[in-house]
Protein chains: 2
Amino acid sequence: MSATNGPTPGQRILGVDPGLQVTGYAVLEVAARGPLVCEAGVIRTAEGRETPDMAPRLLALYTGLVEVVAQYRPNVMVVEQLYAHYEHPRTAILMAHARGVIFLSAAKHDIPVVSYNASRIKKTITGHGRASKEQVQYTMMRELRLAQVPEPPDVADALAAALCHYYAQRLPA
Amino acid sequence: MSATNGPTPGQRILGVDPGLQVTGYAVLEVAARGPLVCEAGVIRTAEGRETPDMAPRLLALYTGLVEVVAQYRPNVMVVEQLYAHYEHPRTAILMAHARGVIFLSAAKHDIPVVSYNASRIKKTITGHGRASKEQVQYTMMRELRLAQVPEPPDVADALAAALCHYYAQRLPA
């Protein structure tokens, strides 16, 4: 029934929601009954100081993500696409610094990176390309049979990115 | 004569001009007679393939820069500031990925990072905030007593960033 390139049991998908303060991450494992959450959480990079410099933040993000990669050895990393016609170009540029470090952590461990744009992820997950953060959180709880809504929303976004890739693999090309 | 916080003989300043295809770098060493060029060149990250992915490019950039850092052990890294009101936000976002990896290489080696905006660098070096690439190249050749104009322009920009920091340290705060 499934396409030859579909999700393989045991495959691990690491979804990452980049941010300079908080980066959400989620490891899904493909099982016969569907995707299971191995771990999901956030890497906080702005703690301990009021206005930490960019460089130590990026180091904290890189170090945290490399720990997750070393522990779960994901087969693929999924990171949301960034657009130039973002509403807040300043935010997009800051996020791109974080994204660069996230891509590096993947390349260092020979993990391919896949990107989907935000509306594609939301549409795949909730059916609506402009779903709210709450809708994404609620849908993640229901779809992944979690005991509660994933918090903060960055965790839900990371789960959504990973789950989007899971579904994308099931579709014919 | 010099300010207490001015350039210290032996201090090494690493200037970096970030790019996803070509990143310029330049190591200046402060000497009694003025700054000397230890090494300057480019790290090319798009070679060998027509359209390489972002992740391997960032890994090539990171690896190349870490080599320079390990060899010259700079005391400070200087990277041009990025602005959101850039003419080309798409380019700014791509460059920010490279910049994130450059900041990470500094943080990994406990090197502080300093940023100046492009017009400040050009004004400090050439006297004009909107100097052309050719003016920056020519000024670098003259100021640093180089045998020829630094090529490609990315090398001149990296030299200019490092030299701007050298002069900035000589000014009273």
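Look up a bit, the structure's there.
Rules behind the numbers
Residues numbered from 1 in each chain as written. Chains lettered and ligands numbered in written order. Predicted model: local features only at pLDDT ≥ 70, side-chain atom pairs only at ≥ 80, totals over all residues. Heavy atoms only, no water. Helix = DSSP H or I, 4+ residues; strand = E, 2+ residues; numbered from the N terminus. Buried < 20%, exposed > 50% of the residue type's maximum accessible area, 1.4 Å probe, protein only. Contact = heavy atoms within 4.5 Å. Areas by Shrake-Rupley, 256 points an atom, 1.4 Å probe, with all protein chains shown as cover. Pairing = 2+ DSSP bridges. Buried area = accessible area lost by both parts, 1.4 Å probe. Polar contact = N/O pair within 3.5 Å; in protein donor to acceptor, adjacent residues only side chain to side chain. Axes fitted to C-alpha atoms, helices over the stretch in contact; angles between N-to-C directions. Phe/Tyr/Trp six-rings, centres within 6.5 Å; stacked < 30°, edge-to-face > 60°.

J.: Any chance you could explain the overall build of chain A here in plain terms?
T.: In terms of regular secondary structure, chain A is built from five helices and five strands. Starting at the N terminus and walking to the C terminus, you meet the elements of chain A as β-β-β-α-β-α-β-α-α-α. The dimensions of chain A, computed from C-alpha atoms along their principal axes, are 50 × 35 × 35 Å. The proportion of buried residues among the 173 residues of chain A is 51%. Excluding contacts between residues fewer than 6 apart, the proportion of contacts in chain A whose partners are at least 24 apart in sequence is 58%. Of the accessible surface of chain A, which amounts to about 8700 Å², a share of 49% is contributed by carbon and sulfur atoms.

J.: For this particular structure, what's the right way to read the pairing of strand S4 (residues 76-80) of chain A?
T.: In the case of a regular strand, side chains alternate between the two sheet surfaces. Residues and elements named next belong to chain A. By the criterion of burial, S4 is predominantly enclosed, with five of the five residues buried. The alternating pattern of S4 places Val76, Val78 and Glu80 and Met77 and Val79 on opposite faces, both of which are buried. In this structure, strand S1 (residues 12-17) lies alongside S4, joined through four bridges in parallel fashion. Following the sheet pairing, Val16 is matched in S4 by Val79.

J.: What is the right way to look at the environment of Tyr83 of chain A in this model?
T.: Residue position: Tyr83 of chain A is located in the loop between S4 and helix H2 (89-108). We classify Tyr83 of chain A as partly exposed; its relative accessible area is 31%. When the C-alpha positions of Tyr83 of chain A and Arg120 of chain A are compared, they lie 13 Å apart, and in sequence the two are 37 residues distant. Not counting chain neighbours up to four residues away, the residues in contact with Tyr83 of chain A comprise Ala92 and Asn117 of chain A together with Ile93 of chain B.

J.: Please explain the interface of chain B and chain A as it appears in this structure.
T.: A common way to report how large an interface is uses the accessible area buried once the components associate. Contact with chain B, which involves 23 residues of that partner, is made by 23 residues of chain A. Between chain B and chain A, the buried area comes to about 1900 Å², and carbon and sulfur atoms account for 85% of it. Put simply, chain B and chain A have two residue pairs in polar contact (both at pLDDT 80 or more) between them. Mapped by element, the contributors of at least two residues to the side of chain B that touches chain A are helix H1 (54-72) and helix H2 (89-108) of chain B.

J.: How should I be thinking about the sheet that holds strand S4 (residues 76-80) of chain B in this particular structure?
T.: Pairing between sheet strands relies on hydrogen bonds along the backbone, with the strands arranged either parallel or antiparallel. All names here are of chain B. Taken together, five strands build an open sheet; the order of strands is S3-S2-S1-S4-S5 and the sheet is mixed. Of all the strands in the sheet, the pair left with one neighbour each is strand S3 (34-44) and strand S5 (113-116). Adjacent strand axes in the sheet meet at a mean angle of 20° when their direction is disregarded. The pairing of strand S1 (residues 12-17) with strand S2 (residues 22-31) spans six bridges and is classified as antiparallel. Bridging from a neighbouring strand, Arg12 pairs with Glu29 of S2. The strands touched by H1 within the sheet are S1, S2, S3 and S4, with S3 carrying the most contacts at an inclination of about 155°. Across the sheet, helix H5 (residues 153-170) is in contact with S1, S2, S3, S4 and S5; its angle to S2 comes to roughly 35°.

J.: What exactly am I supposed to notice about the packing of aromatic side chains here?
T.: Any pair of aromatic rings gets described here by the distance separating the centres and the angle formed by the planes. Residues and elements named next belong to chain A. For the coordinates displayed, the defined rule picks out three aromatic pairs over all chains. Considering the side-chain rings of Tyr166 and Tyr167, the 5.4 Å spacing of their centres and the 65° angle between planes classify their relative orientation as edge-to-face. Owing to a relative accessible area of 24%, Tyr167 belongs among the partly exposed residues under this scheme.

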